[in-house]
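What the coordinates show
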Amino acid sequence: MRRKNDLGRDPMPGLLLRLAVPTMLAQFVNVLYSIVDRMFIGHIPDIGGLALAGVGVCGPIITLLSSFSMLVGLGGTPLMAMKLGAGDREAAGAILSNCFRLLLGLAVGLSAVFFLLRRQFLWWFGASADTFPYALDYITVYIAGTAFALLSGGLNSFLIAQGRSGLGMVTVMLGAALNIALDPVFIFLLGLGVSGAAWATVLSQAAACVFALASLRLPGLPAPLRWGRFQGGLCRRILLLGLPPFLTYALDSVILIILNTALQRRGGPGEGDVLITCAAIVQSYMLLLSMPMSGITLGCQGVVSFNLGAGDRKRVRQALCGVFLLCLGFAALMLALTQVLAPRFVLFFSKDGEILTRSVRYIRIYTMGALSMAAQWMCVDMSTALGQVRLALGCSLMRKSLFLGGILLFPVLFSAPAAFAAEPFCDITASLISIILFLRLTPRVLDRYCARPVPPEAEAPPELLP
């Protein structure tokens, strides 16, 4: 695979594959950050089930923290790609340097807030008296490495946007490989248990962070990382454009927190912990579907933004169609594999007969709307690439509202496990509405901004942001 890609001239099918496959695989490997810890924790003698439930409570909190890297990374990447497409490397470098400052500031602030409130968060978000000690051990250590998680996740997208998807993939794979290697050492060999799993994750993220920073300093990049000058107005544009993908991930975390709380309260003593254990496994499996699909859209986002900045209508449309087909093909493959792999997947976490049977059933329910996710992911992330913040934000919020409504209503109308059916309900309904809106609005965007080529010295159109 070539190290460099020409976003404006390479044939579109091959270009999309070269960008999407590495980032998809990188996100697939990135899932291991979350699920490998749970796999090892679930097999700790005597306490595996309760410890897994405790870490399951931490999962949405960790995802919420990580979503702030999306706020900056996916907000700055389209802007930088548009500048590169217009030939303005200096402005592209300024965007990268300001994103770096934003990530540093968020890392410091979030670490302080989450550390001070970690106990309250765990009680509010579904921990029980039995699972609280394990959840506290894990989250305390993880918060200490927040800066590494935000910087490695947020800066990685800027490598991809400059055609260096291979380096982006190595960044993620380096951290995941170290995590896999260190987990058994810290958990079992050193006897650190749940906190050992968290230490393995933090050290792995630190290594990925160092590699991402070093890669962005390479002299051959069109826009290498520099300290630069702080620009308040630019930072506001970055945060505004990054708001839809941020809300997509952040609200997912909030909703999963509500799911855990609903399962704990509706399930009652004992049953609630079992349901949360199953939910931790189900959500881990769902990451195998959603994160690689996010990798496809992330990897191809720069192609859309670059060619929009260059005023090339044909290539923008080719890219949008190609991204949808890639997402749809991956979703179809995972939906088929679910029927075969779900039981084997659950065995990685627990050999308990009840947890195995129930988790497999819940996974199959949870993934029933997988094909619809392809349309939803494409609409939200490609709307962001086109600079259509309102459309991306509206589609994202609509899906979250449907999901939240299902979580709150289904357990009341049926039973506590019915909360798992909220996922396919929102996926199918939201995707139908999103694709209609996207097909109606996208031609207008192309008519407005691709009517004529953008001269090299021109800046990205300010109208792209509302």
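Criteria and thresholds
- Residues numbered from 1 in each chain as written.
- Predicted model: local features only at pLDDT ≥ 70, side-chain atom pairs only at ≥ 80, totals over all residues.
- Heavy atoms only, no water.
- Helix = DSSP H or I, 4+ residues; strand = E, 2+ residues; numbered from the N terminus.
- Rg over C-alpha atoms; globule rule 2.2 N^0.38 Å.
- Buried < 20%, exposed > 50% of the residue type's maximum accessible area, 1.4 Å probe, protein only.
- Contact = heavy atoms within 4.5 Å.
- Areas by Shrake-Rupley, 256 points an atom, 1.4 Å probe, with all protein chains shown as cover.
- Salt bridge = Lys/Arg side-chain N within 4 Å of Asp/Glu carboxyl O.
- pLDDT = per-residue confidence, 0-100.
- Axes fitted to C-alpha atoms, helices over the stretch in contact; angles between N-to-C directions.
- Parallel < 35°, antiparallel > 145°, perpendicular 65-115°, else oblique.
- Nonpolar A, V, L, I, M, F, W, Y, C, P; charged D, E, K, R; others polar.
- Polar contact = N/O pair within 3.5 Å; in protein donor to acceptor, adjacent residues only side chain to side chain.
- 1 Å grid on protein atoms, 1.4 Å probe; cavity = no way out; pocket = protein on both sides within 12 Å on 5 of 7 lines; lining within 4 Å.
- Points joined across faces, edges and corners; volume = space filled by probe spheres on them.
- Expected span 1.5 Å × (residues − 1).
- Left-handed = near helix turned anticlockwise from the far one by under 90°.
- Core = buried A, V, L, I, M, F, W, Y, C linked by side-chain atoms within 4.5 Å.

Right, let's get into the overall build of the protein. For the protein, the count of helices and strands is 14 helices and zero strands. Along the protein, helices (α) and strands (β) appear in the sequence α-α-α-α-α-α-α-α-α-α-α-α-α-α when read from the amino end. Scaling as 2.2 N^0.38, a compact globule of 466 residues should have a C-alpha radius of gyration of about 23 Å, and the protein matches this with 21 Å. Projecting the C-alpha coordinates of the protein onto the three principal axes gives extents of approximately 65 × 45 × 40 Å. Residues classed as buried in the protein amount to 61% of the 466 residues present. Taking the intrachain contacts of the protein between residues at least 6 apart in sequence as the baseline, contacts between residues at least 24 apart amount to 82%. When the accessible surface of the protein is summed, it comes to about 17700 Å², and 68% of that surface belongs to carbon and sulfur atoms.

Taken as a whole and assessed by the stated rule, the structure comprises four salt bridges. In this structure, Glu-423 and Arg-399 form a salt bridge, with 2.9 Å as the shortest nitrogen-oxygen distance. Placement of the pair is Glu-423 in helix α14 (residues 422-449) and Arg-399 in helix α13 (residues 389-413), with a sequence separation of 24 residues. For the pair Glu-423 and Arg-399, one class covers both residues: buried.

Per-chain confidence: the protein averages 83 in pLDDT, with 93% of residues scoring 70 or above. For the protein, per-element mean pLDDT is lowest for helix α1 (residues 12-42), which scores 76, and highest for helix α4 (residues 132-144), which scores 92. Contacts from residues 453-466, a stretch scored under 50 in pLDDT, to residues over four places away or in other chains number 30 contacts.

So, on to the packing of helix α8 (residues 232-267) against helix α12 (residues 370-385). Two elements in contact, α8 and α12, have axes separated by 8 Å at closest approach and are oriented at 155°. With respect to their mutual orientation, α8 and α12 come out roughly antiparallel. Residue-level contacts link Leu-241, Pro-244, Pro-245, Thr-248 and Tyr-249 of α8 to Trp-377, Val-380 and Thr-384 of α12. Here the residues of the contact of α8 with α12 are counted per class, giving six nonpolar, two polar and no charged.

Structurally, the position occupied by Arg-101 is in helix α3 (residues 89-124). With residues up to four places along the chain from it excluded, the contact list for Arg-101 reads Trp-227, Gly-228, Arg-229 and Phe-230. Of note is the side chain of Arg-101, whose polar atom sits 3.4 Å from the backbone oxygen of Trp-227.

Taken as a whole and judged by the stated rule, the model has four cavities of 30 Å³ or more. One number sums up the size of the second largest cavity: a volume of about 80 Å³. Lining the second largest cavity, in full, are Thr-248, Tyr-249, Gln-376, Trp-377, Val-380, Asp-381, Ser-396, Arg-399 and Lys-400. Of all elements in the fold, only α8, α12 and α13 reach the threshold of two or more residues within the lining of the second largest cavity. When residues in the lining of the second largest cavity are grouped by element, the largest group, four residues, is from α12. Looking at the lining of the second largest cavity residue by residue, the class counts come to three nonpolar, three polar and three charged.

Turning next to α12. The end-to-end C-alpha separation of α12 is 23 Å, in line with the 22 Å expected for 16 residues at 1.5 Å each. Counting buried residues along α12, 15 of its 16 residues qualify, which places the element largely inside the surrounding structure. Phi turns positive one or two residues past the end of α12, at Gly-387, with a value near 80°.

Here we take up the packing of helix α9 (residues 271-309) against α12. Running from amino to carboxyl end, α9 crosses α12 at an angle of 35°, the nearest separation of the two axes being 9 Å. The handedness of the crossing between α9 and α12 is right-handed. Here Met-286, Leu-289, Ser-290, Met-293, Ser-294, Thr-297, Gln-301, Val-304, Ser-305 and Leu-308 of α9 come into contact with α12, specifically with Ala-370, Met-373, Ala-374, Trp-377, Met-378, Asp-381, Met-382, Thr-384 and Ala-385. Across the contact of α9 with α12, the residue classes tally to 12 nonpolar, six polar and one charged.

The subject of this paragraph is the nonpolar core. Counting residues in each nonpolar core, the largest one holds 149 residues, and the members touching the most others are Met-80, Leu-122, Tyr-138 and Phe-345. Ignoring anything within four residues of it in the chain, the contact list for Phe-345 reads Ile-35, Met-39, Ile-281, Ser-284, Tyr-285, Leu-288 and Ile-363.

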